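Single-letter residue listing:
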Amino acid sequence: MLLFLFVVAVSDLLAAQQEEPLRATPETQILISIADQKLVVIQNGIVVKKFPVSTSKFGVGDSFGTYRTPTGQLRVCDKLGENLHPGAVIRHRNPTGEILKPNAPGRDPIVTRILWLEGMGSENLNARERGIYIHGTVDERHLGRPASYGCIRMRSSDVIEVFNASSVGTTVMIIK
């Protein structure tokens with residue numbers, strides 16, 4: 001938690017400097033704080049951007065069928081949806097052709113992009129098989145508070161930035 005607070009403090013100082021679009025680098029890391037419902041992108045040890053997210057409304061964990069968000073060190077094992085339009089619905093990891101606007105009533109699909117996560121420790125070894133993603137959501141009104149079924153949800157515009165800033169192998173640390 002202290003690391004996250006330090007990272008956020010540094011990011012506030014650098015926020016005015018970051019105007020260029022994010023690009024993937026070998027030094028890119030992603031840090032997600034469940035307590036703060038924030039995702040930060042770190043490049044070369046410097047926070048370059050932070051975003052609101054929603055993690056699981058069922059808490060933390062990695063067991064099958066619990067719909068919880070795993071914690072610990074993970075990595076991006078696949079990236080899906082490159083060049084899809086914001087709001088493009090993705091079902092079973094394939095685009096359906098449907099495009100939804102933010103906060104579309106009665107809908108809660110995965111949209112825009114998927115960063116598929118793979119666990120690197122005993123506390124998150126099931127993440128890949130459980131289909132734990134960082135992905136876009138149309139349910140933007142709930143960002144900033146736990147609302148998902150295990151994944152990390154983001155605005156479509158935000159997940160596009162994180163998608164472009166990461167590559168397969170990018171480290172993702174999820175902390176309580």
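Structure shown above.
### Considering the side chain of Thr69
Take Thr69: it is sitting in the loop between strand E3 (46-52) and strand E4 (72-80). Here Ser56 takes part through its backbone nitrogen, which lies 2.9 Å from a polar atom of the side chain of Thr69. Those residues within four positions of Thr69 in sequence are excluded, and the remaining contacts are Ile34, Thr55, Ser56, Gly59, Val60, Gly61, Ser148, Gly150, Cys151, Ile152 and Ile174.

### Considering unusual backbone geometry
In this structure, Asn44 takes a positive phi of about 55° despite not being glycine. Tracing the sequence through the fold places Asn44 in the loop between strand E2 (38-43) and E3. Although it is not a glycine, Asn83 sits at a positive phi angle of roughly 75°. Along the chain, Asn83 falls in the loop between E4 and strand E5 (88-91). Its relative accessible area of 67% is what places Asn83 among the exposed residues.

### Concerning helix H3 (residues 156-165)
Among the ten residues of H3, seven are classified as buried, and the element is accordingly described as predominantly covered. For H3, the set of buried residues is Ser156, Asp158, Val159, Ile160, Val162, Phe163 and Ala165.

Calculation rules
- Residues numbered from 1 in each chain as written.
- Predicted model: local features only at pLDDT ≥ 70, side-chain atom pairs only at ≥ 80, totals over all residues.
- Heavy atoms only, no water.
- Helix = DSSP H or I, 4+ residues; strand = E, 2+ residues; numbered from the N terminus.
- Polar contact = N/O pair within 3.5 Å; in protein donor to acceptor, adjacent residues only side chain to side chain.
- Contact = heavy atoms within 4.5 Å.
- Buried < 20%, exposed > 50% of the residue type's maximum accessible area, 1.4 Å probe, protein only.

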